[in-house]
Each structure stands twice: as C-alpha cells, then as structure tokens.
Amino acid sequence: MNARILVVDDDTALAEMIGIVLRTEGFEPVFCADGAAAVDAFHSSNPDLVLLDLMLPGMDGIEVCARIREESGTPIIMLTAKGDTADVVKGLESGADDYVVKPFNPKELVARIRTRLRPSSHTSTDLLTVGDLELDVAGHEVRRGDEKINLTPLEFELLLALAVKPQQVFTREMLLEQVWGYHYKADTRLVNVHVQRLRAKVEHDPDNPRIVMTVRGVGYRAGASA
Amino acid sequence: MRYFDWRGWLRQGLRLWRTSLLTRTIATTLILSAVAVTIIGAYIAISVGNNLFDSRRDQLLAQANRATATVQNAFNNLTTGQGSTVNIEDATSTAYTDVLQSSASTANSQIAILRTPGQSGPRIPIDLSTFSSTKSLISKALRKEVAESTTSRVYWQSIGIPTATGRQPAIVIGSSVILPKSGQYELYLIYNLSDSEQTLNFVQSTLVFGGLALILLIGAVTWVVVRLVVGPVRVAAETAQKLAAGELEQRIPERGDDVIATLARSFNGMADSLQRQIVQLATLSQVQQRFVSDVSHELRTPLTTIRLAGDVLYDQRDAFPPATARTAELLRTQVQRFEILLADLLEMSRYDAGAVEVDTEPTNLVRLVEDAVESVASLAETKGSQLRVIAPGGYFEAEVEARRIRRILQNLLANAIDHGEGKPIIVYVDSDETAVALAVRDFGVGMTPAAMERVFDRFWRADPSRQRTTGGTGLGLAISLEDAALHGGWLEVWSAPNEGSCFRLTLPRKVGGVLRSSPLELPPDGTDDSDE
C-alpha cells in the first residue's frame with residue numbers, strides 16, 4: 001500500500017505541484033488548504049505523514065502541529081520560508097519532526113519524507129534497556145515498569161539510536177545523520193529541540209536527566225542501565 | 001613604595017582635576033583666596049606689630065622722661081641741702097625707689113643708675129641696678145650715646161632679655177642726669193615688652209585662625225555655588241547619556257526662568273525631536289522588515305512551485321524533443337539563479353533595514369578556509385587555477401559567525417576564480433592578539449583604480465562582457481562588505497591591471513573588538529611561500 005501524505009498548504013498551485021511530485025514517487029497525496037480544517041482532514045484521511053505549511057489561513061501551522069501532536073505521533077514535516085528561524089524553532093518545539101526550507105527541490109523533499117516513513121532498524125535485539133526504561137524494538141514501545149510511555153516514531157528512533165550503543169557519545173551531527181538522514185551539515189537545533197521533547201517524556205526530572213545524558217561540548221549518550 | 005604611593009596620589013589628584021569641574025573650581029578658589037588672605041593677613045600682622053610697638057615705645061619714652069625728671073629733681077633737691085655722701089646715697093636710693101614706684105604701672109620694669117665712666121671726682125654714689133647683667137643688656141653704643149648727651153633727651157634701644165625659655169623683647173631707655181658735685185650719671189630704664197608681644201601673638205594667631213576659617217568658608221561657599229551651577233549641568237549630561245543609551249523618555253526637570261531652565265527647555269526640546277525621529281525611523285524599519293518578510297514568503301511560495309515544476313520537467317528531459325529538453329534545462333538553471341538572486345536581495349534588504357544580528361561562535365578560521373577551498377576546488381580546476389592555502393596563523397578560535405565568513409570567502413574565491421585567468425590563487429590566513437585576517441590573492445586581469453572604487457557597489461561588474469561561471473548575482477561583494485562590517489571588521493581591496501587582485505578580510509578576534517591593524521599585508525608578499 002502506498003503511503004498516504006496529507007499536504008496542508010493554502011497555495012493550491014504549490015500543493016498541486018507537490019502532489020505531482022509525490023505521485024511520481026509513488027505516494028498518495030491528500031490535500032487541505034485551510035488551517036482550521038487541517039485537524040479534521042487529518043482525522044478523516046489518517047495519513048502516514050503530514051507536510052505542513054507554517055503560514056496558513058484559519059489556524060497557523062504551529063497550532064495545527066501542536067493539535068496533531070496531542071493525539072498522534074504521525075511524522076510532521078514543516079514547509080518554511082528561510083529566515084523564519086523563530087518559527088522553525090517554535091514549529092519543532094510544538095512537535096514537528098523535521099522541516100524543509102522553501103524553495104526546495106523535489107529530491108530533497110522526497111528524501112526527507114522517505115527518512116521519516118521508513119525508520120531504519122539498528123538492531124537485531126528485540127529488547128533494550130536504558131536507565132529504568134525498557135525498549136521493545138519490534139513493537140516500537142517504551143515501558144517504565146508496567147507503564148507505557150507514548151513516544152513519536154522520531155523520538156523512539158532517537159532514543160533507540162542512543163540505547164543501541166550505550167557506551168558511545170553521539171555528536172549532534174551523528175544523530176542528524178542517523179535519525180534524520182542528513183548527510184551534510186544540517187541544523188543542530190533539530191537535535192536540541194527533540195532531545196528536550198524526549199526528555200520531557202522519559203525523564204523523572206528533565207532538568208536533571210538520567211536517560212538522555214548531555215556530554216558537554218560533544219553531544220549526548222544514553223544513561224546507564226538500571 | 002613611598003615613591004609609588006606619591007605618584008599614585010599625584011595621578012589621582014590630576015585625574016580629579018581633569019574630570020571634576022567642582023574640584024577644579026574649589027581648588028582654584030582655595031588657592032587664590034589663600035594667597036589673598038595670606039597677603040592681607042601678613043600686612044595686618046606687620047602693621048599691627050609696628051603700631052603696637054610704636055605706641056608702647058612712645059608711652060614708655062614719656063614715662064622715662066618723667067622718671068628722668070624725677071631723678072634729676074631728687075638730685076637737684078639734694079644740692080640745695082647738705083651734700084654729704086650719705087645724703088647722696090640716700091637721694092639716689094630715693095630716686096631709684098620713686099622711679100620704681102612710678103613705673104609700677106609698667107610691669108617688669110627695671111632700673112639702673114650708672115655713673116658715666118671716665119669722670120673725675122668721687123665715685124659716689126655707687127652704681128645701682130635691679131638687674132644683674134647690666135653690661136650685656138645695655139649696649140656700649142647706647143651708653144656712649146647717653147654719656148655724650150648734654151641735653152635731657154632720652155635714648156632708646158630694642159633688646160632681648162634672656163630668660164630660661166628664650167629671649168623676651170624689651171626696650172631700654174637711657175638718659176643722663178647730673179648730680180651736682182659728683183658728675184654725670186646715666187639713668188637706664190628697661191621695660192619688658194613681653195605683654196605687648198603677647199598681645200601681638202594673640203592678634204597674629206587670631207589672624208591665622210581667622211584667615212584659615214575664611215579660606216574654608218570661601219571654599220564651602222564656592223562648593224555650594226558651583227554645586228548650584230554644576231548640578232543642572234551634570235543632570236543634563238547624565239540625561240544626555242541616558243538618551244544616547246536609548247532611554248528616550250529621559251527629560252530634565254524644568255524649574256524657573258533662569259539660564260539653567262532655558263538649557264533644560266532647549267535640551268528637552270531636542271530630546272523630544274530626537275525621540276520623534278527615532279520612533280519614526282524605528283517604525284519605518286519595522287515596516288520595512290515586515291515588508292521584507294512578507295515579500296520573502298510571498299515570492300518563495302510561487303518560486304517553490306516553479307522550481308518543483310522545473311525539476312520535474314528537467315528529470316524527464318530525455319523524453320522530450322531536443323528544443324523542449326534544452327528549454328527545461330534553461331528553466332532549471334535560471335530558476336536556480338533567480339533563487340540565489342532573491343536570497344541575496346533579501347539579505348541586502350535585511351541589512352538596509354538594520355535587521356541583521358551577528359550570531360557568533362568560536363571558529364577556527366584555517367579550518368573554515370580549508371573547507372571553503374575544498375568546496376570550490378573542482379570549479380577552480382576546470383578554470384585551470386591552482387588553489388593554495390598559506391596559513392602562518394589563525395589556528396586559534398575567533399568569535400565570528402561562521403556562516404557569514406564562509407559566505408564572504410566563497411564569494412571572494414568565486415571572484416578570484418572568475419577573474420584569475422587560470423593562474424594560481426593563494427589564500428592567506430594569519431592572526432595576531434586582537435585580529436584574524438584572510439586574504440584571497442589572484443594573479444589575473446586585475447582592476448584599474450577606478451574599478452577598485454566601485455567594486456563593492458551593488459550590481460556593479462568589472463567587465464559586463466565577461467562570462468560568469470560561478471553564477472554571481474552582482475550583490476556578492478556588497479553583502480560581503482556588510483557581513484564584514486557586522487563583525488566590526490574590514491574588507492579591503494588591492495588591485496593592479498594585469499597583476500591581479502587581492503581582497504583582505506580583517507576581523508576582531510573577540511566580539512566588540514576594535515581593529516587597529518591587520519595581521520596581513522595588502523597584498524601579502526610572496527615571501528611566506530618558502531615557509532610551506
């Protein structure tokens with residue numbers, strides 16, 4: 001089955017063009033031109049991924065992003081104009097997994113989409129532990145004791161990447177390549193923001209992290225297993 | 001250590017003198033009034049002393065005259081009576097006692113009746129004296145004067161009476177009396193003037209204290225007056241500083257109708273006008289920024305569509321007839337060019353709106369240069385230029401925004417490759433304590449001085465007919481110049497026709513640093529080649 005992609009953009013020409021590109025690549029695009037209708041469109045179409053313009057009539061993209069993230073971990077990629085750095089950070093903080101800067105080329109867009117749709121499997125092990133957490137790799141689930149912690153696929157990937165090699169310190173660039181699929185120097189804010197979001201979910205005290213540890217001046221590593 | 005302390009104090013004093021109008025005014029006033037008070041005080045002290053002495057002397061001389069008369073009378077009475085020796089002795093004693101009693105009003109007076117030496121006749125009576133060291137107190141000169149005097153006038157001389165604690169001022173007054181049948185005697189009266197001196201001392205010390213008090217008082221009054229005048233000036237200065245620091249609401253309180261109030265009113269008027277203009281400019285700048293941001297978004301969305309369309313067509317060009325395929329290619333490259341141009345235009349307008357902030361991070365400039373050189377190496381190769389990096393310094397990290405410096409460097413390298421005629425291109429990097437510098441040197445066509453002046457102008461091209469291979473927009477150097485200025489740095493050019501060009505970028509190593517010189521020459525001489 002082809003992956004279904006919800007394109008939320010008020011510019012119909014751009015939406016249509018993106019649709020053409022996506023169809024050429026074998027995806028199934030669904031469109032929504034209004035921010036206020038985006039969440040409903042999300043419910044009715046049940047997409048595998050959302051492409052979300054930040055500037056929307058009705059409700060702005062950041063708000064839409066936060067609403068979708070409240071109920072689902074579906075990957076969200078923002079479409080932004082360059083220079084809106086504050087908006088990019090706000091979008092990432094409200095739950096977007098990645099962003100593409102306009103004007104982008106089709107290959108770039110497709111590459112970003114594919115990375116988010118096909119999370120890579122790092123390990124043959126089914127069960128990993130980080131701190132007092134258990135990672136069920138096959139089931140994409142994280143548990144603390146009996147309690148299940150809801151992570152988005154991206155957050156799971158991020159935690160998994162760290163957990164597979166608990167001895168290793170990951171630089172932000174390494175994580176960008178492994179989790180986001182960037183092979184060139186990209187925006188390290190992606191890592192920073194998502195580590196914060198992940199910590200907010202998995203740490204007992206996000207200000208004093210035990211699961212995702214900061215290695216000052218280098219990057220991050222997984223906390224010791226309990 | 002003492003020496004340094006002294007120097008330190010002096011320096012501090014000088015600094016205070018330079019910086020504080022209050023200090024300067026008070027110090028000047030104190031010094032000048034001290035000089036004036038000293039002169040007046042000295043004059044008063046001297047004239048009081050003289051007057052005191054003169055009047056006392058006159059008084060004493062009158063007293064002495066009376067004493068002389070008394071003694072002479074006593075002696076004369078004696079002559080009329082029996083001239084026996086005993087009587088003479090008695091008369092002398094009586095006269096002596098009389099004089100002593102008459103002089104009682106003058107404390108500490110002493111008396112001596114001495115026979116003038118060198119006379120014949122009986123030496124009667126013997127010398128009488130209430131003081132022991134007669135000889136030393138009465139000088140020979142005075143004795144001689146008195147002895148030779150024939151009239152009844154008195155002679156005087158200032159002397160000092162030695163005491164345990166020093167010498168007390170005194171006056172000795174001498175006169176001659178004639179003792180009939182016996183000869184000439186000299187009557188000496190010594191009046192101690194220490195009470196007068198005490199009065200004088202008292203007057204002098206009063207003068208000194210009064211003078212000091214007056215100086216201090218003048219100082220205090222000056223302080224108050226200067227404070228009154230300097231205070232508003234200081235308030236004005238502080239307010240001006242706050243205004244300059246951006247606190248546009250600051251005003252000076254306006255009180256009264258004097259010159260200070262006029263100053264305050266004009267100052268506030270100026271501040272009002274400044275504030276209006278600044279607010280107006282800020283609004284304009286905000287409008288401009290908003291506009292730039294809107295244009296950015298509005299242009300980007302259709303451009304994205306065009307680009308996607310172009311790329312889709314380009315990917316399928318093999319299926320097209322040749323003319324259509326070429327069209328797709330042209331469309332794609334020109335859209336890319338348009339995109340770069342738009343990005344540059346937006347960057348430029350952001351600079352014009354003053355909406356750019358530098359976001360520095362510690363950056364190793366040599367590594368940055370090597371990366372940039374590597375990224376253009378293949379392009380340089382197609383033009384036949386060999387790229388070299390000569391970096392004697394620059395390995396320590398400098399606080400710059402790597403993205404902007406990389407952009408400057410890429411731009412300079414692209415220009416060097418475009419105009420380098422396939423000759424080698426050298427990138428120099430060096431640093432000193434305060435600055436880092438890089439220079440891109442080519443040995444190509446170079447520029448005339450007239451062209452050099454315009455090289456940073458927007459959309460200016462050295463040679464319009466020249467084909468661009470690196471796809472420059474004509475804004476590159478203008479943006480680079482702004483990027484350099486944003487860092488507080490310099491971007492300078494040297495060029496000579498047919499010798500090539502050199503662009504030198506100098507940046508302070510720390511944010512906010514001030515450049516005085518560049519670690520690199522312009523153009524760098526080739527002597528560093530051998531160091532490699």
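Not measured: the values here are computed from a predicted model.

1. Some remarks on the overall build of chain B
Within chain B one finds twelve helices and twelve strands. Counting every position in chain B, which comprises 532 residues, the buried fraction comes to 28%.

2. As for the overall build of chain A
In terms of regular secondary structure, chain A is built from eight helices and twelve strands. Taking all 226 residues of chain A together, 42% fall into the buried category. For chain A, the proportion of contacts with a sequence separation of at least 24, taken over those separated by at least 6, is 56%.

3. What to know about the interface of chain A and chain B
Taken together, the 16 residues of chain A in the interface contact 13 residues of chain B. If one sorts the elements of the side of chain A that touches chain B by residue count, helix 1 (residues 12–24) of chain A sits on top with seven residues.

4. Some thoughts on the pairing of strand 1 (residues 4–8) of chain A
Residue and element names in this part refer to chain A. With four of its five residues buried, strand 1 lies for the most part within the structure. Pairing between strand 1 and strand 2 (residues 28–32): five bridges, direction parallel. From the neighbouring strand, Val8 faces strand 2, where its bridge partner is Cys32. In this region the chain leaves strand 1, passes through helix 1 and returns to the parallel neighbour strand 2; the handedness of that crossover is right-handed. Pairing geometry for strand 1 and strand 3 (residues 49–53), over four bridges, is parallel. Bridge pairing in strand 3 places Val7 opposite Leu51.

5. Examining the sheet that holds strand 12 (residues 219–222) of chain A
All names here are of chain A. In space, the three strands of this open sheet follow the order 10-12-11, with antiparallel pairing throughout. Two strands close off the open sheet at either side, each with one partner strand: strand 10 (170–171) and strand 11 (212–215). Lying over the sheet, helix 6 (residues 153–164) contacts strand 10, strand 11 and strand 12, oriented at roughly 75 degrees with respect to strand 12.

6. Topic: the environment of Leu198 of chain A
Residue and element names in this part refer to chain A. Relative to the helices and strands, Leu198 resides in helix 8 (residues 189–202). Taking the C-beta count within 10 Å as the criterion, Leu198 has 23 such neighbours and is therefore assigned buried. Remark: the alpha-carbon pair of Leu198 and Leu154, spanning 44 residues in sequence, is separated by 9.5 Å. In contact with Leu198, other than residues within four places in its own chain, are Glu155, Leu158, Leu159 and Val212.

7. Some thoughts on the nonpolar core
Residues and elements named next belong to chain A. If you look at the biggest cluster of nonpolar residues, it comprises 70 residues, and the most contacted ones within it are Val8, Ile18, Val50, Leu51, Leu52, Leu159 and Leu162. For this core, the element with the most residues is helix 6, which contributes eight residues. Filtering out sequence-adjacent residues up to four positions away, Leu159 remains in contact with Val130, Leu135, Val142, Leu151, Leu198 and Val202.

8. Some thoughts on the packing of helix 9 (residues 365–383) of chain B against helix 10 (residues 402–419) of chain B
Packed helices, taken two at a time, are described by the angle their axes make and the gap between the axes. All names here are of chain B. Where helix 9 contacts helix 10, the two axes come as close as 10 Å, and the packing angle between them is 25 degrees. Relative to helix 10, helix 9 is oriented roughly parallel. Note on packing geometry: the crossing formed by helix 9 with helix 10 is right-handed. In this structure, helix 9 contributes Leu368, Val369, Ala372, Val373, Val376, Leu379, Ala380 and Lys383 to the contact, and helix 10 contributes Ala402, Ile405, Arg406, Leu409, Gln410, Leu413, Ala414 and Ile417. Of the residues contributing to the contact of helix 9 with helix 10, the split by class is 13 nonpolar, one polar and two charged.

9. Topic: the environment of Asn2 of chain A
All names here are of chain A. Along the chain, the position of Asn2 falls in the segment before strand 1. Judged by the 12 C-beta atoms lying within 10 Å of it, Asn2 is exposed. A C-alpha to C-alpha distance of 9.9 Å links Asn2 and Glu25, two positions 23 residues apart in sequence. Filtering out sequence-adjacent residues up to four positions away, Asn2 remains in contact with Gly26, Phe27 and Glu28.

10. As for the packing of helix 2 (residues 35–45) of chain A against helix 3 (residues 61–71) of chain A
Residues and elements named next belong to chain A. Viewed as axis vectors pointing N to C, helix 2 and helix 3 meet at an angle of 25 degrees, and their least axial separation amounts to 9 Å. One way to sum up the angle between helix 2 and helix 3 is to call them roughly parallel. The two elements helix 2 and helix 3 meet at a crossing, and its hand is right-handed. Contact with helix 2, carried on its side by Gly35, Ala38, Val39 and Phe42, involves Gly61, Val64, Arg67 and Ile68 of helix 3 and no other residues of that element. Its residues placed into classes, the contact of helix 2 with helix 3 shows five nonpolar, two polar and one charged.

11. Some remarks on helix 8 of chain A
Think of an α-helix as turning once every 3.6 residues; residues three or four places apart then point the same way. Between its first and last C-alpha atoms helix 8 of chain A spans 20 Å; for 14 residues at 1.5 Å apiece the expected length is 20 Å, and the two agree. All of the buried residues in helix 8 of chain A are Leu190, Val191, Val193, His194, Val195, Arg197, Leu198, Arg199 and Val202 of chain A.

12. Some points on the confidence of the model for chain B
Residue and element names in this part refer to chain B. Residue-level pLDDT values for chain B average 81, and 86% of them are 70 or greater. Counted against residues more than four places away or in other chains, residues 527–532, with its pLDDT under 50, gives four contacts. The ipTM, which scores confidence in the relative placement of chains, is 0.80 for this predicted complex, and the corresponding pTM is 0.56.

13. Description of unusual backbone geometry
The step from Lys102 of chain A to Pro103 of chain A runs through a cis peptide bond, and the omega angle for that step is -10 degrees. Assignment of secondary structure puts Pro103 of chain A in the loop between strand 5 (98–102) and helix 5 (106–117). Its identity is not glycine, yet Asn46 of chain A carries a phi of approximately 45 degrees, on the positive side. Its location among the elements puts Asn46 of chain A in the loop between helix 2 and strand 3. With phi around 65 degrees, Asn498 of chain B is a residue other than glycine that occupies positive phi space. Secondary-structure assignment places Asn498 of chain B in the loop between strand 11 (490–496) and strand 12 (500–508).

14. Observations concerning the sheet that holds strand 12 of chain B
Residue and element names in this part refer to chain B. Strand order across the open sheet formed by five strands is 7-9-10-12-11, with mixed pairing between neighbours. Sheet topology places strand 7 (387–390) and strand 11 at the edges, where each strand pairs with a single neighbour. Strand-to-strand, the axes of this sheet are offset by a mean angle of 15 degrees, without reference to chain direction. Pairing of strand 11 with strand 12 involves seven bridges; the strand directions are antiparallel. Bridge assignment links Trp490 to a residue of strand 12, and that residue is Thr506.

15. Some details on helix 2 of chain A
All names here are of chain A. Of the positions making up helix 2, those classed as buried are Gly35, Ala38, Ala41 and Phe42. Relative to the axis of helix 2, the buried residues are bounded by an arc of 105 degrees and lie together on one face. Away from its buried face by more than 90 degrees, helix 2 exposes Asp40, His43 and Ser44. If you follow the buried residues of helix 2, they end up packed against strand 1, strand 2, strand 3 and helix 3. Just downstream of helix 2 lies Asn46, where phi reads positive at about 45 degrees.

16. Observations regarding the environment of Gly500 of chain B
Residues and elements named next belong to chain B. One can find Gly500 in strand 12. Counting along the chain gives 54 residues from Gly500 to Gly446, while the straight-line C-alpha distance between them is 3.9 Å. With residues near it in sequence (within four places) discarded, Gly500 still touches Arg441, Asp442, Phe443, Gly444 and Gly446.

Here is what the cut-offs are and how they apply
- Residues numbered from 1 in each chain as written.
- Chains lettered and ligands numbered in written order.
- Predicted model: local features only at pLDDT ≥ 70, side-chain atom pairs only at ≥ 80, totals over all residues.
- Helix = DSSP H or I, 4+ residues; strand = E, 2+ residues; numbered from the N terminus.
- Buried ≥ 20, exposed ≤ 12 C-beta atoms within 10 Å, placed from the backbone.
- Contact = placed C-beta atoms within 7 Å.
- Pairing = 2+ DSSP bridges.
- Right-handed = clockwise from strand over helix to strand, strands pointing away.
- Axes fitted to C-alpha atoms, helices over the stretch in contact; angles between N-to-C directions.
- Core = buried A, V, L, I, M, F, W, Y, C linked by C-beta atoms within 7 Å.
- Parallel < 35°, antiparallel > 145°, perpendicular 65-115°, else oblique.
- Left-handed = near helix turned anticlockwise from the far one by under 90°.
- Nonpolar A, V, L, I, M, F, W, Y, C, P; charged D, E, K, R; others polar.
- Expected span 1.5 Å × (residues − 1).
- pLDDT = per-residue confidence, 0-100.
- Arc of directions from axis to C-beta.

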